[in-house]
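Observations on the model geometry
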Amino acid sequence: MIRAHLTVDPHFTVGTINRRLFGSFVEHLGRCVYEGIYEPGHPTADEQGFRADVMELVREMGVTTVRYPGGNFVSGYRWEDGIGPVEDRPRRLDLAWHSIETNEIGLDEFASWAKKADCELMYAVNLGTRGVLEALDVLEYANVRSGTQWSDRRVANGHPDPHRIRMWCLGNEMDGPWQLGHTTAEAYAEIAATAAGAMRQLDPDLELVACGSSSAQMPTFGEWERVVLERTYDLVDFISCHAYYEPRGDDYETYLASAVNMDRFIDTVVATADHVKALRSSAKTINISFDEWNVWYQSRYDTEEKVTSIDTWPVAPHLLEHSYTVMDAVVLGSLLISLIRHADRVTAASIAQLVNAIAPIMTEPGGPAWKQTTFYPFSLTSRLARETALELKLDSPTYDTELYGQVPVVDAVATHDEGGGTTIFAVNRSLTDEATVEIDVSGVGDVARVTATSMFDDDVHAANSASQPDRVRPRENDSVIVGDGRLTVTLPACSWTVLTLD
Ligand code: AHR
């Protein structure tokens, strides 16, 4: 029998949760854009060819920001291919995903889509095969009102108002050997600093993200962040983190503890950023943009999906289209717990990605859009997380994992707002046993009503599909007992739960 104890007290806060924590990512990759968000001719397509069924799901998911247009794609991208009359736009080879890019969708269309979807657009510039001048050009095109070459081009293209994009990523994963233009930390730091300085001269209100490591497993991890921040500290606001998780064989115990790795990753990057802060005696704090995170069966790409033939360049191929299970949803929910726990320093994040490729939303061309299991913990967390992340006193039994040592069986985080509402997110990592969690809520005040919703299933590998879109859904958890400043809830084996206290 697993028993865990939590104490929730609104006096002990981590920090305000920035709504940008619930951001996502749309890359020109596979069917994320084409047949994903955009499919002219689809029965629900609007006048711009955007699928209204997908848009509705994006809103329901509670996505706040959207990073665009890549990803690996951006390091070979010429942004100006995607502006002006669509019939004049070139078809190009996308070397990152070995596809044809038709350029039907570019910055202007995507800015319109983001506006319709109520998302803030976060734009990545190409520092892989291009440089400072092109970054300035796209910034001028996007943010200057009019009266210059690029701003007037935007106006002539039918967009009189500037897009006013605030958050800009200075390249993508420049530490990764797979990246076009991959380079050393020193060389990247130099171009990132020059680009950042120049972009700020053009628009001082920007918020800039320097590339951190592609994962905590990169051989240059730690050193990369130090070198990049020592050169760019005064010029940028964020350092990025990227992390994807998948089970190694059937070691599900380690897989379910992926958030332990995310916790350590964040703590290490925070320590490195603060080390540079100390070296510089700076009053400024650099925060983290965790702008790629998710469950991704990444090893399947190299072994099953990757095409390299010079004769094969498909348009919008089926790439990285994984079917996510109940267990994947539990892991994803626990990654969100980790992000919220670090809300003081992780002030932006993007689940990668949004539609079809590594995605919570799937589409059939000409047919329906449907929700993967992973859709639910994201949407419930975005919808129900309150303003402030709380520090939680958590006592849980532990279990041994191959990669991370002893980890708590139960993990949780709580959020609270002044209005008196409290929301607790919890996972039970045990594959076999339910866990009873006793929560001391005496510091919260009178609890009138508690609602609990859980993701679990007898078959932890169950997934949704086009033919069975509702095979897995969150279910009401009616095990809650409230009384005397305490509440008790039973978390099913391998489950994710949200509790709202009114
Ligand atoms: O999200 C898929 C890919 O993962 C992105 O293009 C890249 O940045 C990362 O390696």
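Predicted, not measured: the structure shown is a model, and the values here were computed from it.

Sheets are built from strands paired through backbone hydrogen bonds, the pairs being either parallel or antiparallel. Read once around its circumference, the closed barrel built from eight strands follows the order 2-3-6-7-8-9-10-11, with strand pairing classed as parallel. Direction aside, the axes of adjacent strands within the sheet are offset by 30 degrees on average. Here three bridges tie strand 2 (residues 23-25) to strand 11 (residues 346-352), and the two strands are oriented parallel to one another. The residue bridging Ser 24 from the neighbouring strand is Ile 351, located in strand 11.

Quick look at the environment of Tyr 252 now. Here Tyr 252 is to be found in helix 7 (residues 252-256). The spacing of Tyr 252 and Arg 300 is 48 residues in sequence and 17 Å in space, taken between C-alpha atoms. The contacts of Tyr 252, once residues within four sequence positions are left out, are Pro 247, Met 327, Leu 431 and His 461.

Okay, the site of the ligand next. Near the ligand there are 13 residues, and of these Glu 27, Asn 72, Glu 173, Tyr 244 and Glu 292 occur at the shortest range. Glu 27 is positioned with one of its side-chain polar atoms (N or O) 2.6 Å from an oxygen atom of the ligand. Here an oxygen atom of the ligand sits 2.6 Å away from a polar atom, N or O, in the side chain of Glu 173. Burial of the ligand by the protein amounts to 97% of the accessible area it has alone, namely 280 Å².

Where helix 1 (residues 52-61) contacts helix 11 (residues 375-384), the two axes come as close as 8 Å, and the packing angle between them is 55 degrees. Classed by the angle they form, the pair helix 1 and helix 11 counts as oblique. Counted together, Leu 57, Glu 60 and Met 61 of helix 1 and Phe 375, Phe 378, Ser 379, Ser 382 and Arg 383 of helix 11 form the full contact between these two elements. Each residue belonging to the contact of helix 1 with helix 11 can be placed in one class, and the counts come to four nonpolar, two polar and two charged.

What follows deals with the side chain of Ser 112. Here Ser 112 is to be found in helix 2 (residues 107-116). Relative accessible area serves as the criterion here: at 17%, Ser 112 is assigned to the buried category. Apart from residues lying up to four places away in sequence, Ser 112 is in contact with Gln 48, Phe 50 and His 159.

For the rest of this paragraph, the subject is helix 11. Summarising burial for helix 11: eight of the 10 residues are buried, a large majority. Among the residues of helix 11, those classed as buried are Phe 375, Tyr 376, Pro 377, Phe 378, Ser 379, Leu 380, Thr 381 and Ser 382.

Of all hydrophobic cores here, the largest spans 158 residues; its most connected members are Trp 113, Trp 168, Met 199, Phe 290 and Trp 293. No other element matches helix 10 (residues 326-341), which puts 11 residues into this core. Split by domain, this core shows at least three residues from each of two domains, domain 1 (2-9 + 390-501) and domain 2 (18-384). Judged by nonpolar contacts, the second largest core, of eight residues, contains Val 74, Met 122, Ala 124 and Met 167.

Another point: the packing of aromatic side chains. Tallied over the full model, the rule gives 17 aromatic pairs. Where Tyr 188 meets Trp 224, the ring centres are 5.6 Å apart and the plane angle is 15 degrees; that geometry is what we call stacked. Here Trp 224 lies in helix 6 (residues 223-232) and Tyr 188 lies in helix 5 (residues 185-202), a separation of 36 residues in the sequence. Of the two residues, Tyr 188 and Trp 224, neither departs from the other in class, the shared state being buried.

Judged by pairing direction, the sheet is mixed, and its 10 strands sit side by side in the order 21-20-24-18-17-14-1-19-23-22 without closing on themselves. In the strand order of this sheet, the two ends are held by strand 21 (475-476) and strand 22 (481-483), each with one partner. Bridge analysis of strand 14 (residues 388-395) against strand 17 (residues 410-416) gives three bridges, and the strand direction is antiparallel. Pairing of Thr 388 across the sheet is with His 416, part of strand 17. Relative to the sheet, helix 10 contacts strand 1 (2-16), strand 14, strand 17, strand 18 (422-428), strand 20 (450-455) and strand 24 (495-501), its axis offset from that of strand 17 by approximately 50 degrees. Against the sheet, helix 11 touches strand 17, strand 18, strand 20 and strand 24, its axis set at about 20 degrees to strand 24.

Right, let's talk about unusual backbone geometry for a bit. The residue after Gly 70, namely Gly 71, is reached through a cis peptide bond having omega 15 degrees. Structurally, Gly 71 is set in the loop between strand 3 (65-68) and strand 4 (92-94). Each neighbour pair has its own omega, and for Ala 352 with Gln 353 the value is 5 degrees, a cis peptide bond. Position of Gln 353 among the secondary structure elements: in the loop between strand 11 and strand 12 (361-363).

When the parts of a complex come together, some accessible area is lost, and that lost area is often taken as the interface size. For the protein chain, the assigned domains read domain 1 (2-9 + 390-501) and domain 2 (18-384). On a C-alpha basis, the centroid separation for the pair domain 1 and domain 2 is 30 Å. Taken residue by residue, the interface counts 38 residues in domain 1 and 35 residues in domain 2. In total, about 3100 Å² of surface goes out of reach between domain 1 and domain 2, with carbon and sulfur atoms giving 70% of it. Summed over the three residues of domain 1 that lose the most area to domain 2, namely Tyr 404, Arg 429 and Trp 496, the buried surface amounts to 21% of that side. The tally of links between domain 1 and domain 2 comes to two salt bridges. Between Glu 402 and Arg 248 there is a salt bridge; the shortest N-O distance is 3.5 Å. Applying the counting rule to domain 1 against domain 2 returns 11 residue pairs in polar contact (both at pLDDT 80 or more). Looking at the side of domain 1 that touches domain 2, the elements that each hand over two or more residues are strand 15 (398-401), strand 17, strand 18, strand 20 and strand 24. The class makeup of the residues in the side of domain 1 that touches domain 2 is 22 nonpolar, nine polar and seven charged.

So, on to the pattern of salt bridges. Summed over all chains, the structure comprises 38 salt bridges. The salt bridge partner of Asp 502 is Arg 449, with a shortest N-O separation of 3.0 Å. With Asp 502 in the segment after strand 24 and Arg 449 in the loop between strand 19 (435-440) and strand 20, the pair connects residues that are 53 residues apart, well separated along the chain.

It is the contact of helix 3 (residues 132-143) with helix 5, at a shortest axis distance of 9 Å, that shows an interaxial angle of 30 degrees. Put simply, helix 3 runs roughly parallel to helix 5. Our pair here, helix 3 against helix 5, has a crossing hand that is right-handed. Across from Val 132, Ala 135, Leu 136, Leu 139 and Glu 140 in helix 3, the residues of helix 5 making contact are Ile 191, Thr 194, Ala 195, Ala 198, Met 199 and Leu 202. Here the contact of helix 3 with helix 5 is composed, by residue class, of nine nonpolar, one polar and one charged.

Rules behind the numbers
Residues numbered from 1 in each chain as written. Predicted model: local features only at pLDDT ≥ 70, side-chain atom pairs only at ≥ 80, totals over all residues. Heavy atoms only, no water. Pairing = 2+ DSSP bridges. Helix = DSSP H or I, 4+ residues; strand = E, 2+ residues; numbered from the N terminus. Axes fitted to C-alpha atoms, helices over the stretch in contact; angles between N-to-C directions. Contact = heavy atoms within 4.5 Å. Near = heavy atom within 4 Å. Polar contact = N/O pair within 3.5 Å; in protein donor to acceptor, adjacent residues only side chain to side chain. Areas by Shrake-Rupley, 256 points an atom, 1.4 Å probe, with all protein chains shown as cover. Parallel < 35°, antiparallel > 145°, perpendicular 65-115°, else oblique. Nonpolar A, V, L, I, M, F, W, Y, C, P; charged D, E, K, R; others polar. Buried < 20%, exposed > 50% of the residue type's maximum accessible area, 1.4 Å probe, protein only. Core = buried A, V, L, I, M, F, W, Y, C linked by side-chain atoms within 4.5 Å. Domains from an automatic or database assignment. Phe/Tyr/Trp six-rings, centres within 6.5 Å; stacked < 30°, edge-to-face > 60°. Buried area = accessible area lost by both parts, 1.4 Å probe. Salt bridge = Lys/Arg side-chain N within 4 Å of Asp/Glu carboxyl O. Left-handed = near helix turned anticlockwise from the far one by under 90°.

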